[in-house]
Amino acid sequence: RRQRDLRNKCLDVDKQIKALKTDPPNGDKYWSIFQMSCESHVPSIVEIALDSIQKLMAASILTGQTQDRHGKPLIDAMVRTICDCCAIESEKVHLQIVKAIL
């Protein structure tokens, strides 16, 4: 049940960001849900999170230009979180990692 809720939240955040009216919208404040999804280590959830991250980064919506809660550049946490997904043994996740990093 918990994983299904996390998966649904990840999909909802993706939709919310795409509906923002600013040009371009800043999706950095939504990073935490994608991070939690990646840290769940559930391949189906991680795959969705990484796909959303990749699409939002490609559209310059998720930029990582803000600071995280520790005052460090958010982009550092983003790269670290994406790379940590390599431990998940799923070809689909590995493909999404490559897409997100590129």
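Residues numbered from 1 in each chain as written. Predicted model: local features only at pLDDT ≥ 70, side-chain atom pairs only at ≥ 80, totals over all residues. Heavy atoms only, no water.

On to the state of the cysteines. A full pass over the atoms with the stated rule returns zero disulfides. Free cysteine Cys-10: the closest other cysteine sulfur is in Cys-38, separated by 7.6 Å. Counting only cysteine sulfurs, Cys-85 is the nearest neighbor of Cys-38, a cysteine outside any disulfide, at a range of 3.9 Å. In this structure Cys-38 comes out as buried when scored by relative accessible area, which is 2%. (Disulfide = S-S within 2.5 Å. Buried < 20%, exposed > 50% of the residue type's maximum accessible area, 1.4 Å probe, protein only.)

Our next topic: the pattern of salt bridges. The tally for this structure, following the rule as stated, stands at one salt bridge. The shortest N-O distance in the salt bridge between Lys-55 and Asp-51 comes to 3.0 Å. Highlighted residues: Lys-55 and Asp-51, both in helix 3 (residues 43-58), separated by four residues, approximately one helical turn. For Lys-55, a relative accessible area of 41% translates into the label partly exposed. (Salt bridge = Lys/Arg side-chain N within 4 Å of Asp/Glu carboxyl O. Helix = DSSP H or I, 4+ residues; strand = E, 2+ residues; numbered from the N terminus.)

The next point concerns the nonpolar core. The nonpolar side chains of a soluble globular protein tend to be buried, and buried together. In this structure, Ile-17, Trp-31, Phe-34, Leu-50, Ile-53, Cys-85 and Val-93 are the most contacted members of the largest nonpolar core, which totals 27 residues. Of all elements in the fold, only helix 1 (2-18), helix 2 (31-39), helix 3, helix 4 (74-84) and helix 5 (91-101) reach the threshold of two or more residues within this core. By residue number, the principal contributor to this core is helix 3, which donates seven residues. When sequence neighbours within four positions are dropped, the list of residues in contact with Ile-53 reads Trp-31, Phe-34, Cys-38, Leu-62 and Ile-82. (Core = buried A, V, L, I, M, F, W, Y, C linked by side-chain atoms within 4.5 Å. Contact = heavy atoms within 4.5 Å.)

Next up on the list: the packing of helix 2 against helix 3. The interhelical angle for the contact between helix 2 and helix 3, taken along N-to-C directions, is 145 degrees, at an axis separation of 8 Å. In this structure, helix 2 meets helix 3 at a crossing whose hand is left-handed. The segment helix 2 lies against helix 3, with Trp-31, Phe-34, Ser-37 and Cys-38 engaging Ile-45, Val-46, Ala-49, Leu-50, Ser-52, Ile-53 and Leu-56. In terms of residue class, the contact of helix 2 with helix 3 is built from nine nonpolar, two polar and no charged. (Axes fitted to C-alpha atoms, helices over the stretch in contact; angles between N-to-C directions. Left-handed = near helix turned anticlockwise from the far one by under 90°. Nonpolar A, V, L, I, M, F, W, Y, C, P; charged D, E, K, R; others polar.)

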